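# Fold and geometry: a report
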Amino acid sequence: MLGNHLLEIKNLKIDVRVTKKRRLSIVDTASLIIEPGEIIGLIGESGSGKTMLCRSLVGTLGRRGAYIASGELKFDGIDLITAKQSVWNDIRGKRIGYVPQSALAGPNPVMTIGAQLAEAILQDENFPKSDVEKRSLELLNIVQIRRPETVLKQYQHELSGGMKQRVMIACAIAQQPQLIVADEPTTGLDVTVQAEIMELLKQIRKDFNTSIILVSHDLPLINEICDDIVIMHAGTTVEKIPSKSIKASKHPYTLALYNSRIDLVLPKGQLKTINGQPPSVGSWPEGCRFSERCDFVKDKCRTKQDLPLIEIGSNHQTSCLRYDEIAR
Amino acid sequence: MKAKFAKFKEWLLLPGGFGIFTGLLMLGTMILLGIIIPNFGPYKPDEFIGDPFLPPSWQHPFGLDQLGRDVMTRTFSSVGIDLGVAFLGVSIPLAIGTVIGILLGLAKNKYVLSLAGSLIDGINAFPLLIIAVAMLTFLGSGLRSVVVILAITNWARYARISRTRAVVVSKQNYIEAAKTLGFSRRRIVLKHIAPNVSSETVAYALSDFILVIVVVSGLSFLGLAAKPPMAEWGSMIADGRAYLAQSWWLVIFPGLALCWSAVSLSFVVEGISRRDRGI
Amino acid sequence: MSVTFDSYGDVIKAVDHVNFVLPKGQTIGIVGESGSGKSTFARVLSGLQIPTSGSVTFMDKPIQNGKNTYEGALRKEVQMVFQDPYGSLNPRMRIVKAIAEAIRQHQGLDKKASRVAALDLLESMGISNLDAQKFPSKLSGGQRQRASVARALSAQPSVLIADEPTSAIDQSAQAQLLGLFNDLIKKGLSIVLVSHDLGVIRYLSDYVYVMKDGIFVESGKSEEIFNNPKEEYTKKLISSIPGRSTK
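Residues numbered from 1 in each chain as written. Chains lettered and ligands numbered in written order. Predicted model: local features only at pLDDT ≥ 70, side-chain atom pairs only at ≥ 80, totals over all residues.

## Looking at the overall build of chain A
When its secondary structure is counted, chain A shows 10 helices and 12 strands. For 328 residues, the compact-globule formula gives about 20 Å, and the C-alpha radius of gyration of chain A, at 21 Å, lands near that figure. Seen through its C-alpha atoms, chain A measures out along the principal axes to roughly 65 × 50 × 40 Å. Going through the 328 residues of chain A one by one, you find that 41% of them count as buried. Pairs at least 24 residues apart make up 65% of the contacts formed inside chain A by residues separated by at least 6 positions. (Helix = DSSP H or I, 4+ residues; strand = E, 2+ residues; numbered from the N terminus. Rg over C-alpha atoms; globule rule 2.2 N^0.38 Å. Buried ≥ 20, exposed ≤ 12 C-beta atoms within 10 Å, placed from the backbone. Contact = placed C-beta atoms within 7 Å.)

In structure tokens form, the structure reads like this:
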């Protein structure tokens, strides 16, 4: 559909029902736009809401009592907020794929790898059952698993962490989705494995023009792999900036994150940390939620509510009120 | 004073608070009445007062039983017996089982481990009531025998829990840290391993308590534990069974008392388990 | 002062014929991926595990005596901090009590004095008096790690062995912990840092050993290893760091 972004999130608000009367906002004023074939990094500290945002993309919010309170969420022109189950069934797993965090989920322990791949492949009801094995081997080859015939018969516990993740990626791309949401896919894996998985994701983007949202807390990683980076803090998207221009960031939080990178510091040198802790859900301060940790804060930062992303340059948006005063 | 009440309210609102509170309240009422009524009430449990089968009235809220004894007094005098025996029947196995379990969990000798392990699993294979009945026929019945039997057999259940737990705990980092810090083995076992193991066995003991109360009453019902003329819920129910249709109060009140005790304890146990889970 | 290590494997050959030296006042990093045997190695150094063959000496004295390690006064010299902040502290003991216990063991103070000393030590690690009275479950991962370090320091050791201390905590807690280690190094503590996180190793270590499948494949000064790796495996490791691709 012409004129549509692949994914458009605008000022999204996700709330959670704590008790019958109390609601908490977990995500608020979050915006994000993705085009086909882009790799976008989503970075934030714990509690930033990045995981919840991902869940809204695969429709699993309801399981945790969360729901979208306001804003827009459109995938290829389809409104996902009002989408019925039938619409979601067409999208989830088929047009939007999901790769979970490596340490947590993973292949189903009681099913063979082959069985799970088959399940992913047969999400397309019209797929001929006789071709399932061929397609499974094909997928395992794409994710660069050696000896795929053996792996098909194995169970999850017989595989290494890296292989498990490759299998999860294989399941995610089985239906050639337009978008893959990868939530910390390499956290906890060895660094050499991480590098390989990242190369794999880049290859998939190249071969299938798949867009990828890569969620992580590791800034150097995101910087290297992603085209653009979206930074989240306390439930809000605070900046969107091209990877290569990260040093020209116009938001104090991004700058603080960048400057606290350990690989930029001389051995045993002064480590720059970000003041304070990210505010926890339910105790967000008034005004800009970074105000209490910001070196750059002024009074007006504390009073203005609802800071949406503002376009300030080519492909660069920020929510900082004082962005024009940030020199580098 | 206000501060204390506020703290209590906060505790109450945490997961499980209401359950524990209600359960303890119910149990406390039962225990209180169990102390007051038999000791300060107008009648004695064995006293023949009036006509048999007198229905509940103002003077005798629970009525009189088949021998003209006051059912209320008898019901509440059973509290001490049932709860007391159950308490002994749980605390002794708890103590023995926890200690043996810890020793086994920390033991390294292969022979000791497999022998003891088989023994424990063997005992645990039988349901408590069956073993109790079987042993009572050998040892002769009576409340004292019941306590002895419980001590001899029930410890195995605690030992199994405590052994598994001891093994898990001993592998934890904080135990290794205690070793590198040079703490004596005695200190490690007593101050670090034991508290973390007994938290599990004590939790089990609470729910076991409920079971044992019912078992003791059940055995008395069968005539194997408390015997007439002792006032005990199980034996009261057994005695009154024949007259259930006309004089329901002989059975219903002791039955209700038994239920009340069991239910109150289960509220407490459920409340504690909810608190641990954080719901 | 040095801890030297020269050992052969464990039953599963977790650590295979390695040689290692820790000179006084230095920080040595042991970097390796999962399964490399580095944790086993750390535990042998701290005396928690006895090597199948070979020995560890501290200041030229063997640490092993029959089945025991680090006997008597030797025990306090080498302490350990573990990876998992959740299992590192006794869940049924308040933090201040746990530290005070360690202080009492090694500094010979009485109950009252050791409690005061414990509170002070914890405060210097950024754990307030209020937090110190809590149970471990009420503290964050970062705080728990710092409490574990405090406990290790109560013995006033000369060597601290840290097994993946930053792996299970978030970024800001990591930075705090590393800053803490930095301060301790300045005060003269020797550290053996075991980690799979190359950034952390690079930040703190003077000398690095690279471990793979139970062997040290390369070792050398920190800058050498990171800027000029010689072995294939080391090169592969270094180039996998985001931003350091040699492609």
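Now, onward.
## Describing the overall build of chain B
Regarding its fold elements, chain B presents 10 helices and 0 strands. Along the three orthogonal principal directions, the C-alpha set of chain B runs to about 75 × 60 × 30 Å. Sorting the 279 residues of chain B into buried and exposed places 40% on the buried side. The contacts of chain B with a sequence gap of at least 6 include a subset with a gap of at least 24, amounting to 70%.

## A few points about helix α5 (residues 141–153) of chain C
One turn of the α-helix equals 3.6 residues, which is why residues spaced by three or four share an orientation. Residues and elements named next belong to chain C. With 13 residues, α5 extends 18 Å from end C-alpha to end C-alpha; this agrees with the ideal 18 Å at 1.5 Å per step. Among the 13 residues that make up α5, 12 are buried, leaving the element largely enclosed by the rest of the structure. Taken together, the buried positions of α5 are Gly142, Gln143, Arg144, Gln145, Arg146, Ala147, Ser148, Val149, Ala150, Arg151, Ala152 and Leu153. (Expected span 1.5 Å × (residues − 1).)

## Describing the pairing of strand β9 (residues 228–233) of chain A
Residues and elements named next belong to chain A. Where burial is concerned, most of β9 is hidden: 6 out of the 6 residues are buried. Across the two faces of β9 the burial is the same, with Asp228, Val230 and Met232 and Ile229, Ile231 and His233 all buried. Inspection of the sheet shows strand β3 (residues 39–43) paired to β9 by 4 bridges, in the parallel sense. Bridging across to β9, Gly41 finds its partner in Ile229. The sheet contact formed by β9 and strand β10 (residues 236–242) spans 6 bridges and is antiparallel. Paired with Asp228 across the strands is Pro242, a residue of β10. (Pairing = 2+ DSSP bridges.)

## Section: the sheet that holds strand β4 (residues 66–75) of chain A
Residue and element names in this part refer to chain A. Taken in spatial order, the 4 strands of this open sheet run β2-β1-β4-β5, and their pairing is antiparallel. In this open sheet, the two strands that pair with only one neighbour each are β2 (23–34) and β5 (78–79). Pairing of strand β1 (residues 7–17) with β2, which is carried by 8 bridges, proceeds in the antiparallel orientation. Its bridge partner lying in β2, Arg17 is registered against Arg23.

## Looking at the confidence of the model for chain B
Taken as a whole, chain B shows an average pLDDT of 86; of its residues, 99% reach a score of 70 or greater. Here the prediction assigns the complex a pTM of 0.78, and the interface score ipTM is 0.84. (pLDDT = per-residue confidence, 0-100.)

## Concerning the interface of chain B and chain C
Taken together, the contact between chain B and chain C spans 14 residues of the former and 19 residues of the latter. For the side of chain B that touches chain C, the secondary-structure elements that each account for two or more residues are α7 (173–180) and α8 (185–221) of chain B. For the side of chain B that touches chain C, the element with the most residues is α7 of chain B, which contributes 6 residues. Residue classes in the side of chain B that touches chain C are distributed as 5 nonpolar, 7 polar and 2 charged. (Nonpolar A, V, L, I, M, F, W, Y, C, P; charged D, E, K, R; others polar.)

## What about the interface of chain C and chain A?
Each partner contributes residues to the interface: chain C has 25 residues there, and chain A has 22 residues. Looking at the side of chain C that touches chain A, the elements with two or more residues in it are α6 (171–186), α7 (198–204) and α9 (232–239) of chain C. Sort the elements by how many residues they give to the side of chain C that touches chain A and α6 of chain C lands first, with 8 residues. Classifying every residue of the side of chain C that touches chain A gives 10 nonpolar, 11 polar and 4 charged.

## Some points on the packing of helix α9 (residues 233–240) of chain B against helix α10 (residues 249–277) of chain B
Residue and element names in this part refer to chain B. At a closest axis distance of 8 Å, the pairing of α9 and α10 adopts a crossing angle of 155 degrees. For the element pair α9 / α10, the angle class is roughly antiparallel. As α9 packs across α10, the resulting crossing turns out to be left-handed. Judged by residue contacts, Trp233, Met236, Ile237 and Gly240 of α9 engage Leu250, Val251, Pro254, Gly255, Ala257 and Leu258 from α10. (Axes fitted to C-alpha atoms, helices over the stretch in contact; angles between N-to-C directions. Parallel < 35°, antiparallel > 145°, perpendicular 65-115°, else oblique. Left-handed = near helix turned anticlockwise from the far one by under 90°.)

## Things to note about the nonpolar core
Looking at soluble globular proteins, one finds that nonpolar side chains tend to be buried together. Of all hydrophobic cores here, the largest spans 157 residues; its most connected members are Ala170 and Leu214 of chain A together with Ile99, Leu122 and Val192 of chain C. Residues in contact with Val192 of chain C, not counting those within four places in the same chain, are Leu22, Ile28, Ile30, Ala42, Leu45, Val159 and Ile161 of chain C. Counting 53 residues, the second largest nonpolar core, distinct from the first, contains Ile81, Tyr158, Ala159 and Ala205 of chain B. (Core = buried A, V, L, I, M, F, W, Y, C linked by C-beta atoms within 7 Å.)

## Some details on α9 of chain C
Turning to α9 of chain C, its buried residues number three or more, namely Thr234, Leu237 and Ile238 of chain C. Taken end-on, α9 of chain C shows its buried residues confined to a sector of 95 degrees, consistent with a single buried face. Buried residues belonging to α9 of chain C abut α7 (191–208) of chain A together with α7, β11 (207–212), β12 (215–221) and α8 (222–227) of chain C. (Arc of directions from axis to C-beta.)

## Quick notes on the sheet that holds β9 of chain A
Think of a sheet as strands paired side by side through backbone hydrogen bonds, with each pair either parallel or antiparallel. Residues and elements named next belong to chain A. Ordered in space as β6-β7-β8-β3-β9-β10-β12-β11, the 8 strands form an open sheet in which the pairing is mixed. The sheet is open, and its two edges are formed by β6 (96–99) and β11 (310–313), each paired on a single side. Averaged over all pairs of adjacent strands, the angle between strand axes in this sheet comes to 25 degrees, irrespective of strand direction. Note: β6 against strand β7 (residues 179–183), 4 bridges, orientation parallel. Paired with Tyr98 across the two strands is Val181, which belongs to β7. The strands that helix α1 (residues 50–58) touches are β3, β6, β7, β8 (211–216) and β9; relative to β7, the one it contacts most, it runs at about 145 degrees. The sheet contacts of helix α9 (residues 252–259) involve β9 and β10, and relative to β9 the element is tilted by about 105 degrees.

## Thoughts on the environment of Lys304 of chain A
Residue and element names in this part refer to chain A. Inspection of the secondary structure puts Lys304 in the loop between α10 (299–303) and β11. Looking at Lys304, the number of C-beta atoms within 10 Å reads 13, which means it is partly exposed. Residues Lys304 and Glu286, 18 residues apart in the sequence, show an inter-C-alpha distance of 8.0 Å. If near-sequence neighbours (up to four positions away) are discounted, Lys304 is found in contact with Gly287 and Leu321.

## Structural notes on the environment of Asp163 of chain C
All names here are of chain C. Mapped onto the elements of the fold, Asp163 is located in strand β9 (residues 159–163). Owing to 24 C-beta atoms within 10 Å, Asp163 belongs among the buried residues under this scheme. C-alpha separation for the pair Asp163 and Lys38, spaced 125 residues apart in sequence, amounts to 8.4 Å. Apart from residues no more than four positions distant in its own chain, Asp163 is found in contact with Ser39, Ala42, Met80, Phe82, Gln83 and Val194.

## Observations concerning the packing of helix α1 (residues 2–13) of chain B against helix α2 (residues 17–40) of chain B
All names here are of chain B. With their axes 6 Å apart at the nearest point, α1 and α2 run at an angle of 110 degrees to one another. If you check the angle between α1 and α2, you find them roughly perpendicular. Across the interface between the two elements, Trp11, Leu12 and Leu13 of α1 pack against Gly17, Phe18 and Phe21 of α2. The class makeup of the residues in the contact of α1 with α2 is 5 nonpolar, 1 polar and no charged.

## Re unusual backbone geometry
In the Ramachandran plot, Glu184 of chain A falls in the positive-phi region, its phi being about 50 degrees despite a non-glycine side chain. Mapped onto the elements, Glu184 of chain A comes out in the loop between β7 and α7. The backbone of Tyr70 of chain C shows a phi angle near 45 degrees, a positive value even though the residue is not glycine. The residue Tyr70 of chain C is located in the loop between β7 (68–69) and β8 (78–81) in this model. Residue Tyr70 of chain C is classed as buried on the basis of its 22 C-beta neighbours within 10 Å.

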